[in-house]
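# Working through the structure, step by step
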Amino acid sequence: MKLRALKTPAALVDLDVVERNTTHMAERMARLGCRLRPHVKTHKCVEIARLQVRGHFGGITVSTLAEARLFAAAGFRDITYAFPLPINRIEEAASLGSQLDRFSVLLDHPATLHELETHSHRTGVRFSVFLKVDCGYHRVGVDPDRDESVWFAAKLSQSPHLDFRGILTHAGQSYRCRTLEEISRVAGQEREVMVAFANRLRQAGVRVDEVSVGSTPTMSVTQDLEGVTEARPGNYVFYDAFQASIGSCSLSDCAFSVLVTVVGQYPDRNKLVVDGGSLAFSLDPGPRHADPECGYGSFITTDGRRPMPELRLVSMSQEHGQIYGRGPIDFERYPVGSQLRIVPNHSCLAAAMFDRYHVVREDHVLDEWSPIRGW
Ligand SMILES: Cc1ncc(COP(=O)(O)O)c(C=O)c1O
């Protein structure tokens, strides 16, 4: 089937590019001596996760318990739930823990520890646990410079109810970078903060088996992961216009795009309107710090081969996308009914807007895959 036959807006996954990205990251991590535990939140889809773990130990990272249940049912045996465990979901975590070889949770607060221990004392279920560390993003995680953080890690490691795995961080501050050099610096900070904290814990008598790091920008450019045991990038499987803009990848590495149809032409305003708005792309503002003109994505030809920088997706409402030309639009090229293909700013959020992905090679549709939704 050809793209032309698809109803729009449609989510497209370019199979060749996914295969290239997964192979490239797997080889990169092997070369740097680090286990790859890909984050599957970007796609939440079993077929894509299978490509990510090819040739690997098979561990994955999830962001929701709904993902954890889907991947457990699909045969994944070692899953890390990389979100601070909500205490009202402990029962579900315990159930996943009893089905899998390993289901690890993470926490950064004594109240969660207390609830886990209470549950474990009552039921006999042991939990595999990571301590979440803040390496500079300042979203969640303990401060590695504070003595209380060492004390808390010691408490986790001494708990008879827990299997303390080690420390885990996500360098989300890498998304504030503008260049490869800036990303390299953040990657260095991520590794150094974590290795130094692991060593401090070891000196205090705490056993730290795992030092887990990973964001797509840092894992795409780092040349040194000494002292790190596992990496958890996720977005790299698709990449997106944001990553291309800050230097993690190029536009031709972007595997996820949204196919839309032109529904209106407004020559006096130099504008096209398409049937994809914020419910197809999300309202992620993109890398405005690096490119104030970025709009909501980057255009590529419908066969996926070439960029089309002449168009900008400038504004959106729920179902409308408003496209302006960087110069005068050649309206004969984009008649009403014609299709346009756009790489969104943030593929994780845009993909989450769709309940099926069309797997494509150039403009041929090969298959249809379904992701899981909800929490
Ligand atoms: C805890 C954690 N680990 C790993 C990742 C993956 O990072 P990225 O989306 O940059 O690939 C994320 C993303 O938000 C995360 O929150």
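Relevant structure appears above.
Below is a short write-up of the structure. Given the structure is predicted, the values throughout are model-derived calculations rather than measurements. (Residues numbered from 1 in each chain as written. Predicted model: local features only at pLDDT ≥ 70, side-chain atom pairs only at ≥ 80, totals over all residues. Heavy atoms only, no water.)

Further remarks concern the overall build of the chain. Scanning the chain for helices and strands turns up 11 helices and 17 strands. A compact globule built from 375 residues would reach a C-alpha radius of gyration of about 21 Å, and the chain, at 22 Å, matches this within 12%. Taking the principal axes of the C-alpha coordinates as reference, the chain spans close to 70 × 40 × 35 Å. Burial status across the chain gives 56% buried among its 375 residues. Partitioning the contacts of the chain with sequence separation of at least 6, the portion at a separation of at least 24 is 68%. For the chain, the exposed surface amounts to about 15,800 Å²; the carbon and sulfur share of it is 50%. Averaging the positions of the 43 positive and the 45 negative side-chain charges in the chain gives two centres separated by 1 Å. (Helix = DSSP H or I, 4+ residues; strand = E, 2+ residues; numbered from the N terminus. Rg over C-alpha atoms; globule rule 2.2 N^0.38 Å. Buried < 20%, exposed > 50% of the residue type's maximum accessible area, 1.4 Å probe, protein only. Contact = heavy atoms within 4.5 Å. Areas by Shrake-Rupley, 256 points an atom, 1.4 Å probe, with all protein chains shown as cover. Lys, Arg positive; Asp, Glu negative; His and termini not counted. Charge placed at Lys NZ, Arg CZ, Asp CG, Glu CD.)

Here we come to empty space enclosed by the protein. This structure, assessed with the given rule, holds 1 cavity of 30 Å³ or more. The computed volume of the largest cavity comes to approximately 40 Å³. As for the largest cavity, its lining consists of K132, V133, D134, C135, Y137, R139, V140, T169 and H170. In the lining of the largest cavity, the residues fall into 4 nonpolar, 2 polar and 3 charged. (1 Å grid on protein atoms, 1.4 Å probe; cavity = no way out; pocket = protein on both sides within 12 Å on 5 of 7 lines; lining within 4 Å. Points joined across faces, edges and corners; volume = space filled by probe spheres on them. Nonpolar A, V, L, I, M, F, W, Y, C, P; charged D, E, K, R; others polar.)

Let us look at the layout of surface pockets. Volume-wise, the largest pocket comes out at about 830 Å³. Mapped by element, the contributors of at least two residues to the lining of the largest pocket are β4 (78-84) and α11 (347-351). No other element matches β4, which puts 3 residues into the lining of the largest pocket. A per-class count over the lining of the largest pocket returns 12 nonpolar, 12 polar and 6 charged. Its volume calculated, the second largest pocket comes out at about 290 Å³. Grouping the constituent residues of the lining of the second largest pocket by class yields 7 nonpolar, 3 polar and 9 charged.

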